[in-house]
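Reading the structure
If you want the building blocks of each chain, they are given just below.
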Amino acid sequence: MNSPCYNWDRSSWLSSKEYFQELSNQLIEFLDIKEDKKILDVGCGRGHLLETLALNINLINQPVGVEPVKHDDFIPHNVKIFHSSVNSFLKENNSQFDLVILKQVLHLLTLDERKNFYHDIKNHINENAYIVFIHMHDQTEIPLFPLMENKLNQSLNSHQFLLEELTDNFNLLKFENFNYNVKISLEEYLEMIRNRYMTVLLDLKEKEIEEGIDFIKNNYPNQLVFQDTLTIKVFN
């Protein structure tokens, strides 16, 4: 697995109750999630989405997350998180699932890891199970500095390859967008950049981060208002 991003769902709109409530509500309606569904979230981070789904639907079966990074600053309720790679989890467990969530995680797996996942997950899903691929929309309003934008575009271009891999292994049923309206102060957002909240920021040098922060300070207002859009693609 490529370098994980420790801070993507920490202390920002990406970890807010409102964000996960809205995403959870849309997924419940779009996927018709019922209380008897068995759910697996691959790369679940701190488990915010699973916790919200469990509370909203009153799931009979405890939802399961797989996350290689152990986050001690947040412990979700009514969620079982396995701290391992998804490949190890699938080999060591016999659980069956009705819904597998892949939210902004596939690009972090190597090609071999993804191939193993596509093969092994078929032994862990029920006949009418959904594989849900959630990724950043190709046209984003998120504030960016030039180097960050360049790296993000490279990452977004990889979605086409991931989509081709998925369609080679599963059937694409439907898709729609999730739009979240973000209001955040410039200083709060700059702190997120300092914390490297996106994977595209992880390999940047400290000087490049500071230059990017200066760019955003000079080109964006003190209060940021924009739409964060995800695309939800459903396979089986």
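My aim in this report is to walk through the structure given alongside it, one point at a time. Fair warning: this is a prediction, and the values are worked out from it, not measured in the lab. (Residues numbered from 1 in each chain as written. Predicted model: local features only at pLDDT ≥ 70, side-chain atom pairs only at ≥ 80, totals over all residues. Heavy atoms only, no water.)

**Things to note about the packing of aromatic side chains**
- By the definition in use, this model includes 11 aromatic pairs.
- Taking 5.7 Å as the distance between ring centres and 80° as the angle between the ring planes, the aromatic pair formed by Y19 and F178 counts as edge-to-face. Linking Y19 in helix α1 (residues 17–31) with F178 in strand β6 (residues 172–185), this pair joins segments that are 159 residues apart in sequence.
- For Y19, a relative accessible area of 1% puts it in the buried group.
- When the centroid spacing of 5.0 Å and the interplanar angle of 55° are considered together, the rings of F82 and F89 count as tilted.
- By relative accessible area, which is 1% here, F89 ends up buried.
- Of the aromatic side chains, those joined through ring pairs into one cluster are W13, Y189, Y197 and F226.
- K80 extends its terminal NZ or CZ atom over the ring of F82, reaching a point 5.3 Å from the ring centre.
- Above the plane of the ring of F170 lies K122, whose end atom (NZ or CZ) is 5.5 Å from the centre. (Phe/Tyr/Trp six-rings, centres within 6.5 Å; stacked < 30°, edge-to-face > 60°. Helix = DSSP H or I, 4+ residues; strand = E, 2+ residues; numbered from the N terminus. Buried < 20%, exposed > 50% of the residue type's maximum accessible area, 1.4 Å probe, protein only. Lys NZ or Arg CZ within 6 Å of the ring centre and 35° of its normal.)

**Details of the nonpolar core**
- Judged by nonpolar contacts, the single largest core of 53 residues is most densely connected at W13, Y189, Y197 and L201.
- Examining the composition of this core, we find that 7 residues originate from one element, α1, more than from any other.
- Other than its neighbours up to four places away in sequence, W13 contacts Y19, I142, Y180, V182, I184, Y189, M192, Y197, F226 and D228.
- Counting residues in hydrophobic clusters, the runner-up holds 25 residues, among them L40, V42, L109 and A129. (Core = buried A, V, L, I, M, F, W, Y, C linked by side-chain atoms within 4.5 Å. Contact = heavy atoms within 4.5 Å.)

**Focus: the packing of helix α6 (residues 186–194) against helix α7 (residues 206–219)**
- Where α6 meets α7, the axes come as close as 10 Å, and the angle between the chain directions of the two elements is 160°. When the interaxial angle is binned, α6 and α7 end up roughly antiparallel. Note that α6 runs across α7; the crossing there is right-handed. Together, L186, E187, Y189, L190, I193 and R194 of α6 and I209, E210, I213, I216 and K217 of α7 make up the contact between the two elements. (Axes fitted to C-alpha atoms, helices over the stretch in contact; angles between N-to-C directions. Parallel < 35°, antiparallel > 145°, perpendicular 65-115°, else oblique. Left-handed = near helix turned anticlockwise from the far one by under 90°.)

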